[in-house]
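Structure assessment
So the chains spell out like this:
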Amino acid sequence: MKNIVVFASGSGSNFQAIIDSIGKGEIEAQISGLIASRPGIGAIERAISHNIPHYILPDKSSEATFSEVLLSKLKEWNPNLIVLAGFLKKIPSEVIEQYRNKIINIHPSLLPKFGGKGYYGIKVHRAVVDAGETESGCTVHFVNEHYDKGDIIKQTKVVVSDDDTPETLAQKILKEEHKLLPNVIAEILNNN
Ligand code: GRF
């Protein structure tokens, strides 16, 4: 059985989409653990209700400690694929080195547009609306040492309508994220 480890910082609706897709037999794998960046986030509730082990990162850990704890958890959970599903901390370079081409991220824009430092959450959609873009979307890409700069795997486009606000655009794109992310995970894991 292949293992997926998910990293999350928020409500975890993308994490849920992966759980559901495994439940439907679309992804042939199990989620061996969830790394949560802080206590109290929705993703942890979802892990508990689906009997998925979780680990909450220690507060204000130094880069060295952060990478040590991550590497030891990852060793235990032995992932074939690591999925960043709304994870807001930077992944230490030691972790990227050890799991090169095995870490993917979902970003709510058509990268390389509206990516990089500072582009997260509603800020991404606000920038898209302010720039008067007519289309946006979501991107799944490999993670390397630079924020949102790894090779793009797949994207879904959505139309930005004249009456879209950052909030309505976020909702539209999130719906597409929930399809794109499980789809890419299945493609990577079911074919290797
Ligand atoms: C998503 O929009 C994802 O693209 C971004 O963070 C958000 C996470 O949402 N990286 P959720 O926690 O999966 O609901």
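A brief structural summary. (Residues numbered from 1 in each chain as written. Predicted model: local features only at pLDDT ≥ 70, side-chain atom pairs only at ≥ 80, totals over all residues. Heavy atoms only, no water.)

A short note on helix H2 (residues 42-49)
Our working rule: The buried label applies to any residue whose accessible area, calculated with a 1.4 Å probe on protein chains only, is under 20% of its type's maximum; exposed applies above 50%, and partly exposed to all values in between. Labels follow the DSSP assignment, with helices taken as runs of H or I lasting at least four residues and strands as runs of E lasting at least two, numbered in each case from the N terminus. Here the arc refers to the set of directions running from the helix axis out to each C-beta atom. The contact definition used throughout considers only heavy atoms, calling two residues in contact when any of these lie within 4.5 Å.
Buried within H2 we find Ala43, Ile44 and Ala47. With its buried residues spanning 100° around the axis, H2 presents them on a single face. Opposite its buried face, H2 presents the exposed residues Glu45 and Ser49, each directed more than 90 degrees away. In this structure, the buried residues of H2 make contact with strand E1 (3-8), helix H1 (13-23), strand E2 (30-36) and strand E3 (54-56).

Comments concerning the layout of surface pockets
We count it as follows: The rule is simple: put a 1 Å grid over the protein atoms alone, call a set of points where a 1.4 Å probe fits but cannot get out a cavity, call an open set with protein on both sides within 12 Å along at least five of seven lines a pocket, and count a residue as lining if it has an atom within 4 Å of a point. Grid points are joined across faces, edges and corners, and a volume is the space filled by probe spheres set on the points. Think of it as three bins: nonpolar holds Ala, Val, Leu, Ile, Met, Phe, Trp, Tyr, Cys and Pro, charged holds Asp, Glu, Lys and Arg, and polar takes everything else, Gly as well.
Size it by volume and the largest pocket reaches roughly 860 Å³. As for the largest pocket, its lining consists of 37 residues, of which Gly86, Phe87, Leu88, Tyr120 and Gly121 are closest to the centre. Sorting the residues of the lining of the largest pocket by element identifies H1, strand E5 (103-107), helix H5 (122-130) and helix H6 (166-190) as the ones contributing at least two each. Here the residues of the lining of the largest pocket sort into 15 nonpolar, 16 polar and six charged.

Here's the deal with the site of the ligand
Short version of the rule: Whether a residue is near a molecule or strand depends on its heavy atoms: if one lies within 4 Å, it is near. Polar contacts, as counted here, are pairs of nitrogen or oxygen atoms within 3.5 Å of one another; within protein the pair requires one atom able to donate a hydrogen and one able to accept it, and residues that are adjacent in sequence qualify only if both atoms are side-chain atoms. The rule for placing a molecule in a cavity or pocket is simple: more than half of its atoms must lie within 2 Å of the grid points.
The immediate surroundings of the ligand are formed by Gly10, Ser11, Gly12, Ser13, Asn14, Gly86, Ile106, His107, Pro108, Leu174 and Glu177. At a separation of 2.5 Å, an oxygen atom of the ligand approaches a polar side-chain atom of Ser13. Judged by its atoms lying within 2 Å of the grid points, the ligand is housed in the largest pocket. Looking at the shell around the ligand, the elements that each hand over two or more residues are H1, E5 and H6. Residues belonging to the shell around the ligand are distributed by class as follows: three nonpolar, seven polar and one charged.

Observations concerning the sheet that holds E1
Filter applied, for reference: DSSP bridges decide pairing: two strands pair if at least two such bridges lie between them. Note on geometry: axes are lines fitted to C-alpha atoms, helical ones only across the stretch in contact, with angles between N-to-C directions running from 0 to 180 degrees.
Taken together, the seven strands give an open sheet; going across it, the order is E3-E2-E1-E4-E5-E6-E7, and neighbouring strands pair in mixed fashion. The two strands at the open ends of the sheet, each matched to only one other strand, are E3 and strand E7 (152-159). Taken over all neighbouring pairs, the strand axes of this sheet differ in orientation by 15° on average, direction set aside. The pairing of E2 with E3 spans three bridges and is parallel.

Some thoughts on the pairing of E1
Convention followed: For a crossover, the right-handed case is the one in which the path from the first strand over the helix to the second runs clockwise, viewed with the strands pointing away from the viewer.
Within E1, six of the six residues are buried, which leaves it mostly tucked inside the rest of the structure. Burial along E1 is two-sided: the residues Asn3, Val5 and Phe7 and Ile4, Val6 and Ala8 are all buried. Note that E1 and E2 share six bridges and pair parallel. Residue Ile4 lies in a different strand from E2, and its bridge partner there is Ile31. With H1 bridging E1 and the parallel E2, this β-α-β connection has right-handed handedness. Where E1 lies against strand E4 (residues 81-84), four bridges are found, and the strand directions are parallel. Residue pairing for E4: Phe7 is matched across the bridge by Leu84.

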